[in-house]
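# Examining the three-dimensional arrangement
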Amino acid sequence: MAECWKCGAAAVTSLRHAGRHLCGPHFIELTEKRVQRAIRKQADLSGGGTIAVACSGGKDSMTCLDIVRRTLEPRRDTDLVVITVDEGIAGYRDGSIPMAREYCREHGLEWVLTSIGEEQGVTLDQVAAADLPETPCAYCGVWRRWSMNRAAREAGARYLATGLNLDDTAQSVLMNVCRGDVERLARFGPHDRVQPGLVPRIQPLRWLPEVESYLYAHLRGLPIHNAECPHLGRAQRGRYRAVLHGLQEDEPGVAHALVRSLERMRPALEARFPPVHLSPCPACGEMSPGGGACKACSMRERVEDALEG
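Remember, it's a predicted structure, so these values are computed and weren't measured experimentally.

What counts, and at which threshold
Residues numbered from 1 in each chain as written. Predicted model: local features only at pLDDT ≥ 70, side-chain atom pairs only at ≥ 80, totals over all residues. Heavy atoms only, no water. Helix = DSSP H or I, 4+ residues; strand = E, 2+ residues; numbered from the N terminus. Rg over C-alpha atoms; globule rule 2.2 N^0.38 Å. Contact = heavy atoms within 4.5 Å. Areas by Shrake-Rupley, 256 points an atom, 1.4 Å probe, with all protein chains shown as cover. Lys, Arg positive; Asp, Glu negative; His and termini not counted. Charge placed at Lys NZ, Arg CZ, Asp CG, Glu CD. Expected span 1.5 Å × (residues − 1). Buried < 20%, exposed > 50% of the residue type's maximum accessible area, 1.4 Å probe, protein only. Axes fitted to C-alpha atoms, helices over the stretch in contact; angles between N-to-C directions. Left-handed = near helix turned anticlockwise from the far one by under 90°. Nonpolar A, V, L, I, M, F, W, Y, C, P; charged D, E, K, R; others polar. Phe/Tyr/Trp six-rings, centres within 6.5 Å; stacked < 30°, edge-to-face > 60°. Lys NZ or Arg CZ within 6 Å of the ring centre and 35° of its normal. Right-handed = clockwise from strand over helix to strand, strands pointing away. Salt bridge = Lys/Arg side-chain N within 4 Å of Asp/Glu carboxyl O. Core = buried A, V, L, I, M, F, W, Y, C linked by side-chain atoms within 4.5 Å. Pairing = 2+ DSSP bridges. Polar contact = N/O pair within 3.5 Å; in protein donor to acceptor, adjacent residues only side chain to side chain.

## Considerations on the overall build of the protein
The number of helices and strands found in the protein is 12 helices and 9 strands. Against the compact-globule benchmark of 19 Å for 309 residues, the protein has a radius of gyration of 20 Å, which places it among compact chains. Once the C-alpha set of the protein is aligned to its principal axes, its extents read approximately 65 × 45 × 40 Å. Once local pairs closer than 6 in sequence are excluded, the contacts in the protein between residues at least 24 apart make up 72%. Accessible surface, the protein: about 15,200 Å² in total, of which carbon and sulfur atoms supply 51%. For the protein, the distance from the average position of its 39 positive side-chain charges to the average position of its 39 negative side-chain charges is 6 Å.

Pasting the structure below:
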């Protein structure tokens, strides 16, 4: 049996990318230090204020919320607000929403539940049934960001923390490079530029692999929702997830290398693609590039036209 390199106790995991074995307590300690380092690097916490955390009830968002809470709990000048989005997918959020609500109740955190069905007038199940050329995930991503940003802004949050892990970020880098969409790479979070109407997003789990996020949640005894979205099979991201997984089987540091490459290219990308001018969407009031309808409203109109036709 492998032993923890720090104390010699029985190891619970092997960090292949680091070539080390760790026991449960030392894995938790290392994970929290890495995530806390990411928080300090991405967010200026001086002066306190409100930090919003997006929480779906899945392993990544629960791990993110738990570590952010533990990090900020000793600070009397900082408050947390937790935002959960109900996408309108029958049977999918029935288990996760109560988990997020109960965690917040147990730890005395403010909890905000938003509904895409109420805010956009259509649910993701309706999108899936509309036979549109785009996958439901394309609509879900836009509407979730719209909903989370509005809720975080209304709560007066200085930052919005999301549960994107290392694998998620590496997949996005790979996907956008393969598509030739390098401009989108310049827009990736974490955001260090504040634009009117937009709450800067931070990614505390940016350097935490998905499997380690799951292990942390398990060792901490966090309630997590393991169900898979019924519309996930139609997402293009799954192809890149499979490619990245195959690469990491042979080279465990591939995901880290992809994200480090983005970090090194980021100054050049931001110089080449500066932030676009934003103005309020005439339909919903949220910020939109170009002065016209925002993407969330354009997508909503597209779905409404398809459903009516």
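The discussion continues.
## Let's talk about helix H6 (residues 136–154)
An ideal rise of 1.5 Å per residue puts 27 Å on 19 residues; H6 measures up with 27 Å between its terminal C-alpha atoms. The complete set of buried residues in H6 reads Pro136, Tyr139, Cys140, Val142, Trp143, Trp146, Ser147, Met148, Asn149, Ala151 and Ala152.

## Quick word on the packing of helix H2 (residues 59–72) against helix H9 (residues 210–220)
To describe two helices that pack against each other, one gives the angle between their axes and the distance between the axes. Their axes nearest at 9 Å, the elements H2 and H9 cross at an angle of 65 degrees. Between H2 and H9 lies a crossing whose hand is left-handed. Between H2, through Lys59, Asp60, Thr63, Asp66, Ile67 and Arg70, and H9, the contact on the second element is made entirely by Glu210, Ser213, Tyr214, Tyr216, Ala217 and Arg220. Counted by class, the contact of H2 with H9 contains 4 nonpolar, 2 polar and 6 charged residues.

## Overview of the packing of aromatic side chains
The final tally for this structure, using the stated rule, is 1 aromatic pair. One cation-aromatic arrangement involves arginine 20 over tryptophan 5; the distance from NZ or CZ to the ring centre is 4.0 Å.

## Some points on the pairing of strand E4 (residues 78–86)
For E4, the tally of buried residues reaches 7 of 9 residues, placing the bulk of the element in the interior. The parallel pair E4 and strand E5 (residues 110–115) is bridged by helix H3 (residues 96–107), and the resulting crossover is right-handed.

## Description of the pattern of salt bridges
Within the structure shown, the criterion is met by 20 salt bridges. Here glutamate 270 ties to arginine 266 by a salt bridge, and the two come within 3.0 Å at their closest N and O atoms. Residue glutamate 270 and its partner arginine 266 are located together in helix H11 (residues 254–272), separated by 4 residues, close to a single helical turn. When its relative accessible area of 14% is taken as the criterion, glutamate 270 is described as buried. A relative accessible area of 10% places arginine 266 in the buried class. Taken together, the salt bridges that share partners define one network made up of Asp66, Arg69, Arg70 and Glu73.

## Quick notes on the nonpolar core
In this structure, Val53, Leu65, Val68, Leu80 and Leu109 are the most contacted members of the largest nonpolar core, which totals 35 residues. For this core, the secondary-structure elements that each account for two or more residues are helix H1 (24–42), strand E3 (49–54), H2, E4, H3, strand E6 (157–161) and H9. Tallying contributions element by element places H2 first for this core, with 6 residues. Judged by nonpolar contacts, the second largest core, of 32 residues, contains Tyr92, Leu160, Val199 and Cys294.

## Brief notes about the environment of glycine 95
Following the sequence through the fold, glycine 95 ends up in the loop between E4 and H3. Judged by its relative accessible area of 29%, glycine 95 is partly exposed. A C-alpha to C-alpha distance of 24 Å links glycine 95 and glycine 238, two positions 143 residues apart in sequence.

## Brief notes about the sheet that holds E3
Spatially, E5-E4-E3-E6-E7 is the arrangement adopted by the 5 strands of the open sheet, whose pairing is parallel. On the outer flanks of this sheet lie E5 and strand E7 (201–202), each paired with one strand and no other.

## Details of the side chain of arginine 93
With respect to the helices and strands, the residue arginine 93 is situated in the loop between E4 and H3. Within the structure, arginine 93 has its side chain in polar contact with the side chain of glutamate 87 (distance 2.8 Å). Residue contacts for arginine 93: discarding those within four places in its chain leaves Ser56, Val85, Asp86, Glu87, Pro98, Arg144 and His225.

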